[in-house]
4 protein chains.
Amino acid sequence: MPTILGQNQYGKAENRVVKITRDGDTHHIKDLNVSVALSGDLEEVHLSGSNANCLPTDTTKNTCFAFAKEYGIESAEQYGIHLARHFVDSQPSIHRARIRIEEYAWERIAGSDANSKFIGADEVKHSFVRKGQETRLAQITYDGEKFEILSGLKDLTVMNSTNSEFWGYIKDKYTTLQEDYDRILATSLSTWWRHNWTSDEQRMPSWERSYDQVKKHILNAFVETYSLSLQQTLYQMGSRVINNRSEIDEIRFSAPNKHHFRQDLSPFGLDNEAKDGAVYYAADRPYGLIEATILRDGVDARIPVDMTNL
Amino acid sequence: MPTILGQNQYGKAENRVVKITRDGDTHHIKDLNVSVALSGDLEEVHLSGSNANCLPTDTTKNTCFAFAKEYGIESAEQYGIHLARHFVDSQPSIHRARIRIEEYAWERIAGSDANSKFIGADEVKHSFVRKGQETRLAQITYDGEKFEILSGLKDLTVMNSTNSEFWGYIKDKYTTLQEDYDRILATSLSTWWRHNWTSDEQRMPSWERSYDQVKKHILNAFVETYSLSLQQTLYQMGSRVINNRSEIDEIRFSAPNKHHFRQDLSPFGLDNEAKDGAVYYAADRPYGLIEATILRDGVDARIPVDMTNL
Amino acid sequence: MPTILGQNQYGKAENRVVKITRDGDTHHIKDLNVSVALSGDLEEVHLSGSNANCLPTDTTKNTCFAFAKEYGIESAEQYGIHLARHFVDSQPSIHRARIRIEEYAWERIAGSDANSKFIGADEVKHSFVRKGQETRLAQITYDGEKFEILSGLKDLTVMNSTNSEFWGYIKDKYTTLQEDYDRILATSLSTWWRHNWTSDEQRMPSWERSYDQVKKHILNAFVETYSLSLQQTLYQMGSRVINNRSEIDEIRFSAPNKHHFRQDLSPFGLDNEAKDGAVYYAADRPYGLIEATILRDGVDARIPVDMTNL
Amino acid sequence: MPTILGQNQYGKAENRVVKITRDGDTHHIKDLNVSVALSGDLEEVHLSGSNANCLPTDTTKNTCFAFAKEYGIESAEQYGIHLARHFVDSQPSIHRARIRIEEYAWERIAGSDANSKFIGADEVKHSFVRKGQETRLAQITYDGEKFEILSGLKDLTVMNSTNSEFWGYIKDKYTTLQEDYDRILATSLSTWWRHNWTSDEQRMPSWERSYDQVKKHILNAFVETYSLSLQQTLYQMGSRVINNRSEIDEIRFSAPNKHHFRQDLSPFGLDNEAKDGAVYYAADRPYGLIEATILRDGVDARIPVDMTNL
């Protein structure tokens, strides 16, 4: 037969698992979107349609919900480790499991008027508002021997309204751009980073604390970098993460340059200089797209090039 | 001719106007999406294609940007009042202007490490992260005599993880729903409210403070209402706003009931009771959709039925 | 009490009902997205949370699916008439029902190779591809006495690559637009039209044929109008529909002017004139937005202004 | 320094290039969304912010528009080859260019009434409606020596309303799915395929004809496969393409199983068997996601695993 089957995987995508934990009257939420992808001895499913080696996607869905109850959801990473290990270790035909998770943050609704009377409870601790900022990401892969744990985030939109310049670039026949010594730098960050934890023989990181620290270093680098290019800003973000977080070996960014162009108001007799506070037009498309991996020296890059654009 | 022209309007939609104000080193952002709709003596534009009475949509766009510079953007409402008045008062053929505005909130990026050295400035106050929660709304309409000012918000997603019940409803041939005495109540609020300010002869409200207070009352009502129906919760929200804010006469809500169904885990030998902290499936479609107007007694309703779904 | 309840409605939105009809081996699809909104004696649901008059949204969902089986789906309009009549006539507390429907078109996959061998059937007539063009719309409202039937469509994107001009407009202080004697005219049509059928005492239109004819007249008007303004093109569309279709009394359009700007290539020594075939930049935002109602002389306008933007 | 720069690329994304070609009165459209990604000697852009080796993304945008005029757009692939070659061959610091293109199809608006009079032209051939079905894709990569040409499509939504079964799968503790001997099989295909053309020394395929033939083989396989699993259907699609198109060595699919569940109508005393024509609920999430690569025997797989999900 002249054709062969290459890489293949299957599973249930976008299981919307919400877990409420009650600690007395105080409730906690974990709100996840969980996607399962399994690989293994699945040639016959493709060639003859025999499903003898196929764990149905519906069963992978059921498992996601059942495990949320059986094990709770301490963190997306910990929950994904349970799931990935289960699929590979319990099914002889499944050799590799990849769990991808999006996590949506909620925060408690801030206290109401001091003198208000609550109905039905002296103190209510079960009211939340969706935070709406970045979506947190995790990907857990297990091949029966080792884990690969990626964490990440997307849709974290940041802006510096000054301290960004762009000049000294190549000029060719198609150049019309003017150099700019005081521009807005805005981007919507998408990033994944890779932990060097791969098995229970190592001490497992605190996934929640690690996430908070990585986000803090990324934001700090954004605030503190006087930027001559968005690439420079990304590199500062990445190197701070690698230098400060020993549990992380690699980080990749995809950062659209969300252009804010100073509107030309001279036809109306108006100045519009950055230094005076200016009016900008926020453009949709096209946009610059800057992507880069930053690595700990000596390690191999493993985060796929396109992954930060999913 | 057996056909006639009815209501018509035109203008430039979705002008993305961003205004940076510099107060020394401290910058402030207003980030708006501005849509203009004009009506008037425009029969000939439709019948013969004569544009003699037509102010081009491109000009309305230019005006949005120029006014952001000339007048600043104190609030979306104040800025929209400037624009609406200008179009009607400056153009004899334009008799009515409606300005619709979406506003996106940004917050300052929280302080970085205490001991960090900023590059290029001792203290940097120009770094922002998009808040990502609700989108604020405003609609300013002017007919040459009076203004109508609507304010609103959309995509404010809230959840009570308990203190919601649903029972005692009609049962008919097509009923399968089980009564529920402890369910999740979650919704993504879309709401518009109408101010009773209509002209400069009245004292103008503080639009920023009014917005903050309305949002606070809505959230408080959500927290404090032990809910027997989503309708009851909406009515509590609306009546609190009307009762507490004398500048507002009418409010309309559109609230999808974002269903969180308790997953049936009994096939796997697992209990999943709300009281123990449960696992829920967050459903996309279909969803209940609850819509209601709440009015100050004696005033006429003016907010269109479909407006909260735009 | 100083606040009162105004217009309110509730129901299950976006029920994704798919009906397959088998005519021997030949299958037919109806693929609908059905939203129910009910009004009536629902004060207590809002005031006290008593649901005694409330038919649950879950029951309205069940009814949508059951009716698709019991009555089939001859057309979205006919199916909606069954549903609306049922809710009002069977429930004393429900006085008005509004059914909104989106319909997605499928077409048969064109014949495969003449000499191919089908597996399991001599001739297969059950394979479809989603058409992907406009979404068809219907809204059926019933108050116990009369029906109001609106039909419509959205996302029908059309382009004339010439025969469009724009000039002779008002110039003011904020004008920068150049007149254009050969521009692209492109829009994504959203439109609703109102039938004058209101009860069984009248002969019911053929909803399917009526839709096809309205769409044909709209497209013909687009092809045949040498356009001096998008308003003129819309009026031509509307008046053709009213003049040719006696079952329709009113039509409303919302038409974004999807700008295609000729790119300035002069910095690179290239002409880019429309007459030679030009290169255009398709802009996202902002866009002109043109909205108009066209009526049969003597009838009242009833289609809400915002409805074409939903 | 303990951190190093890994894979990086940059360019202008989503340039919306529309080219009208006039052949007398008959116009033709090419409607593309073009994204440029460049790699090379770009370390200093990241490390010091020196842009001396950086061709600005704005210039890459200008080049996309200028080349559409200078060379026309015979096909997305041919146009991308011009662009990729230009960036690498003209800039010493650029060593690799990747051009990704989405193409939107338009078709002529079908003839209007035979007896209609056109305004301004005897016969008008410049009116189009956007087809709205699949989006065509192309990716052209050039490293100064060889090209890699991928073509593809996304959002081609197909349905077989019978001739699909699913049974004989693994049962474990978390299984609840019932076997099904007559189900709907529906998917929205996303696929990329790789041509074996890599340089001008080979005869270049006809890109337009190749695309049409690949799409035909995919649809034929969908129609003609009596399916025991979606995997089997994908493999049939892929092997037909490889076996029939000698210019193609590899193809990868990502296919969501767009579930259509037969609604349980038994509580209402209604049968709902597939054989009688049934009513289905079209579910949004979760969905099965099936992904597979099919290769010509002996060639290496090069299409990235995640690429079909972009």
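It should be emphasised that the depicted structure is a prediction, and the values quoted were computed from it without experimental measurement. (Residues numbered from 1 in each chain as written. Chains lettered and ligands numbered in written order. Predicted model: local features only at pLDDT ≥ 70, side-chain atom pairs only at ≥ 80, totals over all residues. Heavy atoms only, no water.)

(A) View of the packing of aromatic side chains. Per the stated rule, a full pass over the model turns up 40 aromatic pairs over all chains. Taken together, a centroid distance of 6.1 Å and an interplanar angle of 85° make the contact between W197 of chain A and W207 of chain A edge-to-face. Of this pair, W197 of chain A sits in the loop between β9 (185-195) and α4 (207-224) while W207 of chain A sits in helix α4; the two residues are 10 residues apart in sequence, bridging distant segments of the chain. With respect to class, W197 of chain A is no different from W207 of chain A; both count as buried. Centre to centre, the rings of Y281 of chain A and F65 of chain B are 6.2 Å apart; their planes meet at 85°, and the pair counts as edge-to-face. Here Y281 of chain A is found in strand β12 (residues 279-282), whereas its partner F65 of chain B is found in helix α2 (residues 57-71) on a different chain. Aromatic ring contacts, followed pair by pair, group F67 and Y71 of chain A, F268 of chain B together with Y174 of chain D into a single cluster. Across the ring face of Y104 of chain B, the terminal group of R130 of chain B is positioned such that the distance to the ring centre comes to 4.3 Å. R136 of chain D extends its terminal NZ or CZ atom over the ring of Y211 of chain D, reaching a point 4.3 Å from the ring centre. (Phe/Tyr/Trp six-rings, centres within 6.5 Å; stacked < 30°, edge-to-face > 60°. Helix = DSSP H or I, 4+ residues; strand = E, 2+ residues; numbered from the N terminus. Buried < 20%, exposed > 50% of the residue type's maximum accessible area, 1.4 Å probe, protein only. Lys NZ or Arg CZ within 6 Å of the ring centre and 35° of its normal.)

(B) Inspection of the relation of the copies chain D and chain A at higher detail. The two copies are related by a screw motion: chain D maps onto chain A through a turn of 180° and a shift of 0.0 Å along the axis, at an RMSD of 0.0 Å. Given the turn and translation reported, the copies of this chain are related as if by a two-fold rotation axis. Residue L310 of chain D of chain D places its C-alpha closer to the rotation axis than any other residue of that unit, at 2.8 Å. In this assembly, 100% of the residues forming the interface of chain D have copies in chain A that are likewise at the interface, indicating an isologous arrangement. (Least-squares fit on C-alpha atoms with pLDDT ≥ 70 in both. Contact = heavy atoms within 4.5 Å.)

(C) The arrangement of the interface of chain D and chain A in detail. Taken together, the contact pairs 82 residues of chain D with 82 residues of chain A. Around 6,900 Å² of area is buried between chain D and chain A when both sides are counted, 53% of it from carbon and sulfur atoms. A per-residue breakdown of the area chain D buries against chain A is headed by I170, Y174 and Y235 of chain D, which together make up 11% of the total. Our count for the contact surface shared by chain D and chain A stands at eight salt bridges. Here R100 of chain A makes a salt bridge to D306 of chain D, at a shortest N to O gap of 3.0 Å. (Buried area = accessible area lost by both parts, 1.4 Å probe. Salt bridge = Lys/Arg side-chain N within 4 Å of Asp/Glu carboxyl O.)

(D) Expanded view of the pairing of strand β10 (residues 248-257) of chain B. Residue and element names in this part refer to chain B. Most of β10 sits out of view: 10 of its 10 residues are buried. Relative to strand β13 (residues 287-296), β10 runs antiparallel, the two sharing eight bridges. Along β13, the bridge assignment pairs S254 with E291. (Pairing = 2+ DSSP bridges.)

(E) Main features of the interface of chain B and chain A. Tallying the contact residues gives 66 residues for chain B and 66 residues for chain A. Contact between chain B and chain A buries roughly 5,900 Å² in total, counting both sides, with carbon and sulfur atoms accounting for 57%. Three residues, R22, K69 and E224 of chain B, lead the burial of chain B against chain A; their summed loss comes to 12% of the area buried on that side. In this assembly, chain B and chain A are joined by two salt bridges. R22 of chain B serves as the salt-bridge partner of D182 of chain A, at 3.1 Å between the closest nitrogen and oxygen. At the boundary of chain B with chain A, the tally comes to 26 residue pairs in polar contact (both at pLDDT 80 or more). (Polar contact = N/O pair within 3.5 Å; in protein donor to acceptor, adjacent residues only side chain to side chain.)

(F) Region of the structure containing the environment of E134 of chain D. Residues and elements named next belong to chain D. Along the polypeptide, E134 turns up in the loop between β6 (127-130) and β7 (135-142). Separated by 28 residues in sequence, E134 and T162 have C-alpha atoms that sit 23 Å apart. Those residues in contact with E134 that sit more than four places away from it in its chain are L153, K154, D155, L156, Y211 and K215. In terms of polar contacts, E134 uses its side chain to reach the side chain of Y211, at 2.8 Å.

(G) Fine view of the packing of helix α2 (residues 57-70) of chain A against helix α3 (residues 76-90) of chain A. Residues and elements named next belong to chain A. Two elements in contact, α2 and α3, have axes whose closest approach is 11 Å; the angle formed by their N-to-C orientations is 135°. Taken together, the axes of α2 and α3 lie oblique to each other. The handedness of the crossing between α2 and α3 is right-handed. Across the interface between the two elements, T60, T63, C64, F65, F67 and A68 from α2 touch Y79, H82, L83, H86 and F87 from α3. Each residue belonging to the contact of α2 with α3 can be placed in one class, and the counts come to seven nonpolar, four polar and no charged. (Axes fitted to C-alpha atoms, helices over the stretch in contact; angles between N-to-C directions. Parallel < 35°, antiparallel > 145°, perpendicular 65-115°, else oblique. Left-handed = near helix turned anticlockwise from the far one by under 90°. Nonpolar A, V, L, I, M, F, W, Y, C, P; charged D, E, K, R; others polar.)

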